[in-house]
Amino acid sequence: MAINLQKGQRINLTKENGTTLTQACVGINWGAIEKKGFFGGVTREAVDLDGSCILYDSNKNSTEVIYFGNLKSKNGSVRHSGDDLTGDVNGNDGLDNEVITVDFSNLDSNVEYVAMVLNSYRGQDFGTIPFASIRIFEGSPTNVKEVFAKYDIANDASFKGHVSMVMGVFYKRNNEWKFNAIGDPTADKKLQETIETVKQKYL
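Quick summary incoming for the structure in this document. What you are looking at is a predicted structure, and each value in this text was computed from that prediction instead of being measured.

**Describing the state of the cysteines**
Phase 1 of the analysis: For the structure shown, the criterion picks out 0 disulfides.
Phase 2 of the analysis: Cys53 provides the cysteine sulfur closest to Cys25, a residue in no disulfide bond, and the two sulfurs are 12 Å apart.
Phase 3 of the analysis: Classification of Cys25 as buried rests on a relative accessible area of 0%.
Phase 4 of the analysis: A relative accessible area of 0% means that Cys53 is categorised as buried.

**Quick notes on the pairing of strand E9 (residues 111-120)**
Phase 1 of the analysis: For E9, the buried fraction is high: 9 of the 10 residues fall into the buried class.
Phase 2 of the analysis: Strand direction decides the pairing type here: strand E5 (residues 49-57) and E9, joined by 9 bridges, are antiparallel. Its bridge partner lying in E9, Asp50 is registered against Asn119.
Phase 3 of the analysis: As paired strands, E9 and strand E12 (residues 164-173) are joined by 7 bridges and run antiparallel to one another. Residue Val117 lies in a different strand from E12, and its bridge partner there is Val166.

**Describing the sheet that holds strand E8 (residues 98-103)**
Phase 1 of the analysis: The antiparallel open sheet is built from 5 strands, whose spatial order is E7-E8-E2-E10-E11. Looking along the sheet, the strands with just one partner apiece sit at the ends: strand E7 (78-80) and strand E11 (143-152). The mean inter-strand angle of the sheet, taken between neighbouring strand axes irrespective of direction, is 20°.
Phase 2 of the analysis: Pairing of strand E10 (residues 132-140) with E11, which is carried by 8 bridges, proceeds in the antiparallel orientation. By the bridge assignment for E11, Phe137 is matched with Val147.

**Digging into the packing of aromatic side chains**
Phase 1 of the analysis: Scanning the model with the defined rule gives 6 aromatic pairs in all.
Phase 2 of the analysis: Ring geometry for Tyr67 and Phe68: centres 5.2 Å apart, planes at 75°, overall edge-to-face.
Phase 3 of the analysis: Tyr67 sits in the partly exposed class, given a relative accessible area of 27%.
Phase 4 of the analysis: Each member of the aromatic cluster is reached from another via a ring pair, and the members are Phe104, Phe170, Trp177 and Phe179.
Phase 5 of the analysis: If you follow Arg135 out to its NZ or CZ, it ends over the ring of Phe137, 5.0 Å from the centre.

**Some thoughts on unusual backbone geometry**
With glycine set apart, most residues show a phi of negative sign, and most peptide bonds adopt trans.
Phase 1 of the analysis: The residue Lys60 is not glycine, and still its phi comes out positive at about 65°.
Phase 2 of the analysis: Among the structural elements, Lys60 can be located in the loop between E5 and strand E6 (62-66).
Phase 3 of the analysis: Look at Asn175: it is not a glycine, yet its phi comes out positive at around 65°.
Phase 4 of the analysis: Note on placement: Asn175 falls in the loop between E12 and strand E13 (176-186).

**Regarding the nonpolar core**
Phase 1 of the analysis: Counting 39 residues, the largest nonpolar core has Leu107, Val114, Met116 and Phe170 as its most contacted members.
Phase 2 of the analysis: Listed by contribution, the elements that provide at least two residues to this core are strand E2 (23-30), E5, E8, E9, E10, E11, E12 and E13.
Phase 3 of the analysis: The contact partners of Met116, leaving out residues within four places of it in the chain, are Val26, Ser52, Cys53, Ile100, Val102, Val166, Met167, Gly168 and Phe170.
Phase 4 of the analysis: Tyr56, Leu191, Ile195 and Tyr202 belong to the second-largest nonpolar core, a separate cluster that totals 14 residues.

Rules and cut-offs
Residues numbered from 1 in each chain as written. Predicted model: local features only at pLDDT ≥ 70, side-chain atom pairs only at ≥ 80, totals over all residues. Heavy atoms only, no water. Disulfide = S-S within 2.5 Å. Buried < 20%, exposed > 50% of the residue type's maximum accessible area, 1.4 Å probe, protein only. Helix = DSSP H or I, 4+ residues; strand = E, 2+ residues; numbered from the N terminus. Pairing = 2+ DSSP bridges. Axes fitted to C-alpha atoms, helices over the stretch in contact; angles between N-to-C directions. Phe/Tyr/Trp six-rings, centres within 6.5 Å; stacked < 30°, edge-to-face > 60°. Lys NZ or Arg CZ within 6 Å of the ring centre and 35° of its normal. Core = buried A, V, L, I, M, F, W, Y, C linked by side-chain atoms within 4.5 Å. Contact = heavy atoms within 4.5 Å.

In structure tokens:
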């Protein structure tokens, strides 16, 4: 049931066979910036994007942040694959540069929202990155069973001039997890600012 999510679209985590997805991966794939050299050649500038996951309780207070400096939550329910500092320097290989895995069945009971955000560590403008996409899938970082949903963030003029974005938020309703595809750039420069923006605008 792979679909291309539009901004603001909400989906439940029900698979084609009627069962509910209990574990999901959010994969981010992006490319290095191409620059023309003095003699007509092309060089590629490494791009360091950082995918992060923030857990919030019912009062919209952040309880944990999983990012390149903290690769797993305290109980192991959220895991980060590790920091990619360059992006795809040699063109799009179709693989995720960073993957965040969420086991919804093992999240602390007080967690009501699981937000996924993206920040440009070196302040490189999203509008200059040749390709960048996000996909939600069942499986593991090394074993993609089924792509649940995906959307493209590179071919959107609204990202030009921005270095931070909210990818989407998983949220719990009646003990069922759903996903809100947000895909909005923010004015934030740092992760801590984005954490606050999510709380104020997207929960």
